[in-house]
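Below are the chains, spelled out letter by letter.
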Amino acid sequence: MSATAASAPGSRTVVVDGVAWHVEVGGRGPAVLLLHGTGGATTSWHDVAARLAAYCTVVIPDFPGHGRSAAPAFERLTLVDFARGAAALCTALEVAPVVAVGHSAGAAVALQLAVDGATRSVRHVVGVNAALAAVPWTELPACAAVMRMAFGSPIALDVVARLAARPGTVRTLLKSAGGAPDAAIIARYEALFRSRDHAIAAYGMTVNWRLAPLVARFPTLPVPATFVVGSDDRWTPARISSEAARRIPGARVRSLADAGHLAPEERPADVAAAILDAVRETGAFAHESTAPAAPAA
């Protein structure tokens, strides 16, 4: 399937480097890759994708261990592995995304794709409430090794899975994210975290994530970037995206008043509008009769 070909909506499984990725593909037009954050899944993007599908081919994977994707080895829950896997997935699907979009930690994956040139079709990156603030001590190799040994033990993983599945844990966590996640959003995440693999994958991303090498390469990002920030995001405050934008040539910040961390689910129309603007700026709509004449409402 090419970037501009019509695609049958629905789910499929693609094996990438020995890991079975669940991915949903639908819509028609220039391809957009939608990457969820830590603990998210394809469902995190459904409301946004519904607004994009009239204009774009949407490609929405579950990261390894998340949602319906198979769990990899714990040590492969890394930023670099996810970026390489997402690029290989696009190749296997014969999709050439013109815009890579990431929410929270997914924004780091989208940026890693761009700086690596792994998906050379990408002409714009959109980060929604991007999680790009590294914790300095966790970036030290020695500390990273200790964290993987201590926090990646079977006992630690069992504790994490049990805590995530306890009634009220996910609700309390999401209520701390800012904004106003409704009962349906909370129920989706509670269902996800009842899966042991999903809980461990989200935890593993936290343990294994290394942002410093990516942040150091921000000045070399070869494509424009737009950072969409929720003014009420308590997990990844706007200053994080603003700092990233200062280091990336030509990057800009787009604010959503009163939006919390889960903006793609709370404010899907606004997030979809920002994505369509990015696609429009790439020129990918130039020969598309279905191109939107104005930002989505």
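Read on for an overview of the structure.

Here's the deal with the overall build of the chain
The number of helices and strands found in the chain is 12 helices and eight strands. Evaluated residue by residue, the chain yields a buried proportion of 54% over its 297 residues. When contacts within the chain are restricted to residue pairs at least 6 apart in sequence, those whose partners lie at least 24 apart make up 78%. For the chain, the computed accessible surface area is about 12100 Å², with 58% contributed by carbon and sulfur atoms.

Regarding a nonpolar patch on the surface
A cluster of nonpolar residues, I155, V159 and L163, forms a patch on the protein surface that exposes about 290 Å² of accessible area. Topologically, L163 is positioned in helix α5 (residues 154-165). The class of L163 is partly exposed, set by a relative accessible area of 42%.

Thoughts on the nonpolar core
Formed by 58 residues in total, the largest nonpolar core has its most connected members in L111, L132, W209 and F227. Of all the elements, helix α3 (residues 105-116) adds the most residues to this core, at nine residues. Within the second largest apolar cluster, 27 residues are counted, among which are A49, V58, A272 and A274.

So, the sheet that holds strand β5 (residues 99-103)
The strand order across the open sheet formed by eight strands is β1-β2-β4-β3-β5-β6-β7-β8, and the pairing between neighbours is mixed. The open sheet terminates on both sides in strands that have one partner only, identified here as β1 (10-16) and β8 (252-256). Sheet twist, expressed as the mean angle between neighbouring strand axes with direction ignored, is 20 degrees. Inspection of the sheet shows β1 paired to strand β2 (residues 19-27) by seven bridges, in the antiparallel sense. Directly across from T13, in β2, lies its bridge partner H22. Against the sheet, α3 makes contact with β3 (31-35), β5, β6 (124-128) and β7 (225-230), and its axis sits at roughly 150 degrees relative to β5, the strand it touches most.

Considering the environment of R123
Summarising the element assignment, R123 is placed in the loop between α3 and β6. Exposure remark for R123: the relative accessible area of 39% places this residue in the partly exposed category. Along the sequence, R123 and A278 sit 155 residues apart, while their C-alpha atoms lie 8.9 Å from each other.

Concerning the pattern of salt bridges
Inspection of the entire model under this criterion finds 11 salt bridges. Between E24 and R68 there is a salt bridge, with the nearest N and O atoms lying 3.3 Å from each other. Of this pair, E24 sits in strand β2 while R68 sits in the loop between β4 (57-61) and α2 (79-93), and the two are 44 residues apart along the sequence. R252 is the partner of E281 in a salt bridge, and the nearest nitrogen-oxygen pair spans 2.5 Å.

Rules behind the numbers
Residues numbered from 1 in each chain as written. Predicted model: local features only at pLDDT ≥ 70, side-chain atom pairs only at ≥ 80, totals over all residues. Heavy atoms only, no water. Helix = DSSP H or I, 4+ residues; strand = E, 2+ residues; numbered from the N terminus. Buried < 20%, exposed > 50% of the residue type's maximum accessible area, 1.4 Å probe, protein only. Contact = heavy atoms within 4.5 Å. Areas by Shrake-Rupley, 256 points an atom, 1.4 Å probe, with all protein chains shown as cover. Patch = residues over 30% accessible without salt bridge, like charges linked within 9 Å, V, L, I, M, F, W, Y side chains within 5 Å. Salt bridge = Lys/Arg side-chain N within 4 Å of Asp/Glu carboxyl O. Core = buried A, V, L, I, M, F, W, Y, C linked by side-chain atoms within 4.5 Å. Pairing = 2+ DSSP bridges. Axes fitted to C-alpha atoms, helices over the stretch in contact; angles between N-to-C directions.

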